[in-house]
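Residue-level listing of the chains:
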Amino acid sequence: MKEDTIVALATPAGVGAISVIRVSGPQSFSAVDNIFYGKGKIENAASHTLHYGNIKNQDDEQVDDVLVSVFRAPNSYTGEDSVEISTHGNPLVTQKVIELLIVNSQVRLAEPGEFTKRAFLNNRIDLAKAEAVADVINSRTEASFRGARNQLDGLLSNKVNELRSQLLNSSSFIELELDFVEEDIEFVNQDELLKRIDSIIIEIDTLLESYEFGRVIRDGVNVAIVGRPNVGKSSLLNYILKESRAIVSEIPGTTRDVIREEVSIGGVLFRLFDTAGIRISEDSIEKEGILRSQETVRNADVVIYLEDVQQAESKDLFVDLLNLTSPDKILKVVNKIDLNKDFSKDADVKISAKTGEGIDLLFEKLKEKTIGNESYTEKTAIVTNLRHHNCLKKSRENLINARESILNKMSGEFISVDLRNAEMNLAEIIGEVTSDDILNNIFMKFCIGK
Amino acid sequence: MKKFDIIVVGGGHAGIEAASAGARMGCSVGLVTMDRFALGRMSCNPAIGGTAKGHLVREIDALGGIMGLISDRTGIQFRMLNKSKGPAVWSPRCQSDRKLYSEEAYRIIFPTQNLEIVEESAIEVLVENGKVVGIKAQSGEELFCEALILSSGTFLNGLMHTGLNKTSGGRFGEQPALGITESLAKLGFEYGRLKTGTPPRLKKDSINWAILEEQPGDENPQPFSHQTDLSQFPFLPQVSCHITYTDPTVHKILEKGFAQSPLFTGLIKGVGPRYCPSIEDKIVRFADKERHQLFLEPEGLDSDQIYLNGFSSSLSAEIQLEALHKIVGLEEVEMVRPAYAVEYDFFPPQQVDLTLETKLIEGLYFAGQINGTSGYEEAAAQGLIAGINAALKIQGKPEFVLKRSEAYIGVLIDDLVTKSTDEPYRMFTSRAEHRLLLRQDNADRRLMKYGYEFGLIPKDLYDEVDNREKTIISGINYCQSKKYYARDVNEFLVNSGSNEIDSTETISKLCKRPEFNLKQLLEFNGASSESGAVALLNDEKALEQAEIEIKYEGYILRQYEAVAKLEKYESTKIPLNFDFTKIKQLSTEGREKLNKVKPRSIGQASRISGVTPSDISILLVYLKN
């Protein structure tokens, strides 16, 4: 393997208070020494020390004053010698520093995910952690970050290991009966075995359920707003965006079809889509937009069906909506209650996009619809990764098979097949069995060094 | 100067398989043994087979080994263990006539063409340029060879313990083999010390048989060998075993002897098997257990001795006898020979390759207890594989390695080489992750093709198995497509205590109901006139195979899927001289272990303890580059 030195910006690109440039590999110290002027040489600095100084270009002009952190192998993130340079948060400065490192030393720009790949290859992190790191990097909101963090700390690994050892215990009892048939020992009671398997299934179910929560805090909630013209879809969107200080982004260029906004409320990322209309129209220009709106509704986690308190209910539109999504995803919202407080319309939430009345409740309801009332703390193992989710699902299927075998009074070796497979599925989560396909996929997902 | 293609040192269960296979494959073989009448001698219990061990015997037989044949001709009680469980864990076992077993082994080995029995004791391994060239015998004579198979059992620096008495020897009344360990150590081999034990032999007439629980053999005994002539089987009269138990009084007496136990006083350095503890070990480790089961096994038809299975010990003879007298049925017993423990040298098996050739010295093979195993069957399996591989190598043919998904023998050798062992290794069915596929009933279907290829299985036998395979496959196809109609079959179903069907159902679906066997369903209502049914009904063994595959189809399929999933790792080969030390990213422990074992595939590497999943990922990355 080539042991070269890599560099990349470790913090998001753009203007900020500070930016961090990470350098990793055997040439890290000498490369930094080539452009850094401080009290002493980084080459001679002790691990985990901080050094103030200047970065200068070939013409001895100062580029920035910086703080350099030194990490010596193997006690660094990647397991290699590495340096982190904290500069002022200006893209021009960071770009220049990276350029200087590459020009003056044997340093190249890191590929996406390469730092974490090295950390993984150097045994600094296991597969579950490597994936969690990808999630930290990808996490967009605070709650999402917490979810990724606790996995990093091994909560999921611990939980999975615990379940594995329970499975191994049950298997051992079965094997005892098969291999020591001649001995005078007590064998496992089938009811007891069933109980153990059931309790493991319940634990796996809890983990599986956490995935929906995990997915939501990771990927955010897609919310489509549907309603007849002038029921206040745009006003609702505008109100939310105006009031919320946590605007994440605005996607331009889609106004003709579907307007999309991202907003973080209470630690959950909501992605709001204002649909143009979902009724098929003869107008061919509109048709394209309508198809897109329909697609948006189909993909939405929740659909806000918005009505005007003053208008009669549109049965046709609601029927159309039911063709695109399931009733339990629909949140019936009545708008403009500031104009008429006394109405008999049936609704989940009553709001005024003008005064903001009911908006908080609206978000409560949105959360409830997507992540339920479950309260996940930082102490709970949460599944946020699709691969983990699939492994757990397979493990569960195998446990159900084992259960069936027990109920059908099958002999132990048959029960054992499924128990062992269930155990192997769990082992895959922490990377016991892995393939280069999984690895490639994982490393592809890292966005470090972009 | 005497020269053989292959020299086998040791005439135990491993040695005779190795010598027989090598000679029958066309190599000249010198079988070096201290006593020509000790061939295949049973050092411990007079029994062959048992859980997983029975599978090994069936596999050895399917490959063309001799253990099954000898056992069938000398068995005095045959039982199929685990009969209440599914077919995958049925395990054949027999009590053998100890004396006849050894005689039969001699009768088979002696006339073998190309095979010469050399009565000698080897004291040194001769090596030139990293390649084995022969041995030096105690007489001073040197014997030369292309390949040397060491299968010296418990004889390497063997030391027997009874109480504080120590006797040098590999087996009661027999000399140890001295010099070999030192000679191998000089060549750079690592060695260790293991311990095993054997229980007392009791005088038959002194036992009160009338009050003991009897354990007879099966009513319809089944032979081990695929070649045994059923019309003559069983060859010998059949006898029973008996069962008795220890109790707290017995335990108290034994405890008195602990102070002079070589085990508890630290005199015995070797590690004993956890699955076969001595009686004193059982009392200490399972203190809350008030009784331990003991089997009284006959040593032979004419023998006046009884083997007390479950009472192996290294306590003093006086204590043993005092305790025995408190056991039901043994109140007046006479002890012919006390139990003893034996310590011997072994060579941690990570030093051999999957062919059983040592990694250090070309042409040198280890088989049996020298590799840290315990048991006649484990030894025989290794002897056979070593013999076959030595012959193949001499003849310039590709090596022979069985996969874990193919045979218990594959599991055995892969476990030894990959994981090593620090206690005497015994086979268990649970060691085989693809257990449902590795049944004793299909050993011939799995392995006979290899035995035939090596010339160890006669053509007519192989053809029979090969033809049967076609019958099985077409028979299963027939059962999966042939449908019965409700109006025809419902009366029969109800009469058989089963449920009616609505419209139609295939034979294979009906066969999955526990209340039916395939024969009943095929014979029902004249279906038996159809060719698919007729072929099965005319071949009992094919019928049995088809029934198992149909009844347990779902489970068997899942096992095949698991095999297929792992196949990718098993087939990702690691080059022979791959240098693991160069990969710095490997964990320190992983790197050391990989370098020691030198796995040949990613699958094998992943089974090495201490090699982490990350290590495997790193290896995959490297092998790709």
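Predicted model only: the values in this text are computed from it and were never measured. (Residues numbered from 1 in each chain as written. Chains lettered and ligands numbered in written order. Predicted model: local features only at pLDDT ≥ 70, side-chain atom pairs only at ≥ 80, totals over all residues.)

## Observations concerning the confidence of the model for chain B
Applicable threshold: Confidence of the predictor at the level of single residues is given by pLDDT, which spans 0 to 100.
Here chain B averages 92 in pLDDT, and 99% of its residues register 70 or above. The ipTM, which scores confidence in the relative placement of chains, is 0.84 for this predicted complex, and the corresponding pTM is 0.77.

## With respect to the domain arrangement of chain B
To keep it simple, the criterion reads: Domain delimitation in this document rests on an assignment produced automatically or drawn from a domain database.
With domains assigned, chain B is organised as domain 1 (2-74 + 112-198 + 344-453), domain 2 (201-341), domain 3 (460-556) and domain 4 (572-624). Between the C-alpha centres of domain 2 of chain B and domain 4 of chain B the distance comes to 45 Å.

## A few points about the nonpolar core
For clarity, the threshold we go by: In plain words, the nonpolar core is the set of buried Ala, Val, Leu, Ile, Met, Phe, Trp, Tyr and Cys residues that C-beta atoms within 7 Å link up. Exposure classification rests on a simple neighbour count of other C-beta atoms within 10 Å of a residue's own: a residue reaching 20 or more is buried, one at 12 or fewer is exposed, and one in between is partly exposed. C-beta atoms are placed from the backbone. The way it works is that DSSP assigns letters per residue, a run of H or I at least four long becomes a helix, a run of E at least two long becomes a strand, and they are numbered from the N terminus. Two residues qualify as a contact pair if the distance between their C-beta atoms, derived from the backbone, is within 7 Å.
Formed by 169 residues in total, the largest nonpolar core has its most connected members in Ile6, Leu148 and Ile149 of chain B. By residue number, the principal contributor to this core is helix 9 (residues 376-394) of chain B, which donates 10 residues. Apart from the residues lying within four places of it in its own chain, the contact partners of Ile6 of chain B are Gly22, Cys27, Val29, Cys145, Glu146, Ala147, Ile149, Ala390 and Ala391 of chain B. Listed in part, the 73 residues of the second largest apolar core include Phe213, Ile265, Leu269 and Val333 of chain A.

## Let's talk about the environment of Ile385 of chain B
Residues and elements named next belong to chain B. Examined against the element boundaries, Ile385 turns out to sit in helix 9. Given 31 C-beta atoms within a 10 Å radius, Ile385 is considered buried. Separated by 18 residues in sequence, Ile385 and Ala367 have C-alpha atoms that sit 8.4 Å apart. Residues within four places of Ile385 in sequence aside, it is in contact with Leu356, Phe400, Ile409 and Ile413.

## A few points about the packing of helix 2 (residues 53-62) of chain B against helix 3 (residues 67-74) of chain B
Between two packed helices, both the angle of their axes relative to each other and the distance between the axes serve to describe the pair. All names here are of chain B. Applicable threshold: In this analysis an axis means a line fitted to C-alpha atoms, helices contributing only their contacting stretch, and an angle means the value between N-to-C directions, from 0 to 180 degrees. For this classification, the nonpolar set comprises Ala, Val, Leu, Ile, Met, Phe, Trp, Tyr, Cys and Pro, the charged set comprises Asp, Glu, Lys and Arg, and every other residue, Gly included, is treated as polar.
Direction vectors running N to C along helix 2 and helix 3 enclose 115°, while the axes themselves pass 7 Å from each other. Residue-level inspection shows Val57, Arg58, Ile60 and Asp61 of helix 2 in contact with helix 3, the latter providing Met67, Gly68 and Ser71. Classifying every residue of the contact of helix 2 with helix 3 by side-chain character gives 3 nonpolar, 2 polar and 2 charged.

## Here we look at the sheet that holds strand 5 (residues 62-71) of chain A
Within a sheet, neighbouring strands are paired by backbone hydrogen bonds and run either parallel or antiparallel to one another. Residue and element names in this part refer to chain A. Which entries qualify depends on this criterion: Two strands qualify as a pair provided DSSP detects at least 2 bridges between them.
Pairing in this open sheet of 7 strands is mixed, and the strands run 3-4-5-6-2-1-7 from one edge to the other. Of all the strands in the sheet, the pair left with one neighbour each is strand 3 (36-38) and strand 7 (107-109). With strand direction ignored, the average angle separating the axes of adjacent strands in the sheet is 35°. Two strands pair when backbone bridges link them, and strand 3 and strand 4 (residues 49-56) are joined in this way by 3 bridges, in the antiparallel orientation. Across the sheet, Gly38 pairs through a bridge with Gly53, a residue of strand 4.

## Some words on the pairing of strand 1 (residues 2-9) of chain B
Working note: regular strand, side chains alternate between the two faces of the sheet. All names here are of chain B. Counting buried positions over the 8 residues of strand 1 gives 6, a clear majority of the element. As defined by bridge partners, strand 1 adjoins strand 9 (residues 142-150) across 7 bridges and the pair is classed as parallel. Of the residues in strand 9, the one forming a bridge with Ile6 is Ala147. Summarising the sheet, strand 1 and strand 2 (residues 29-33) pair through 4 bridges and their orientation is parallel.

## Structural notes on the sheet that holds strand 16 (residues 293-298) of chain B
Residues and elements named next belong to chain B. The strand order across the open sheet formed by 6 strands is 14-15-16-17-13-18, and the pairing between neighbours is antiparallel. The open sheet terminates on both sides in strands that have one partner only, identified here as strand 14 (213-215) and strand 18 (335-337). Neighbour-to-neighbour, the strand axes of this sheet turn through a mean angle of 35°, independent of strand direction. Where strand 16 lies against strand 17 (residues 305-309), 4 bridges are found, and the strand directions are antiparallel. Note that in strand 17 the partner of Leu296 across the bridge is Leu308.

## Some details on helix 3 (residues 114-121) of chain A
Among the 8 residues of helix 3 of chain A, 7 are classified as buried, and the element is accordingly described as predominantly covered. For helix 3 of chain A, every residue scored as buried is listed here: Phe115, Thr116, Lys117, Arg118, Ala119, Phe120 and Leu121 of chain A.

## Quick look at the environment of Val303 of chain A
Residue and element names in this part refer to chain A. Position of Val303 relative to the elements: it lies in strand 12 (residues 302-308). Its 27 C-beta neighbours within 10 Å are what place Val303 among the buried residues. Counting along the chain gives 70 residues from Val303 to Lys233, while the straight-line C-alpha distance between them is 12 Å. Every residue in contact with Val303, bar those within four places of it in the chain, is listed here: Ala224, Val226, Val297, Leu321, Thr325, Lys329, Ile330 and Leu331.

## Remarks on the pairing of strand 15 (residues 241-245) of chain B
Residues and elements named next belong to chain B. Sheet topology note: the strand 14/strand 15 ladder contains 3 bridges and is antiparallel. Among the inter-strand pairings, Glu214 is bridged to a residue of strand 15, identified as His242. Sheet analysis places strand 15 next to strand 16, joined by 4 bridges and oriented antiparallel. Bridge pairing in strand 16 places His242 opposite Leu296.

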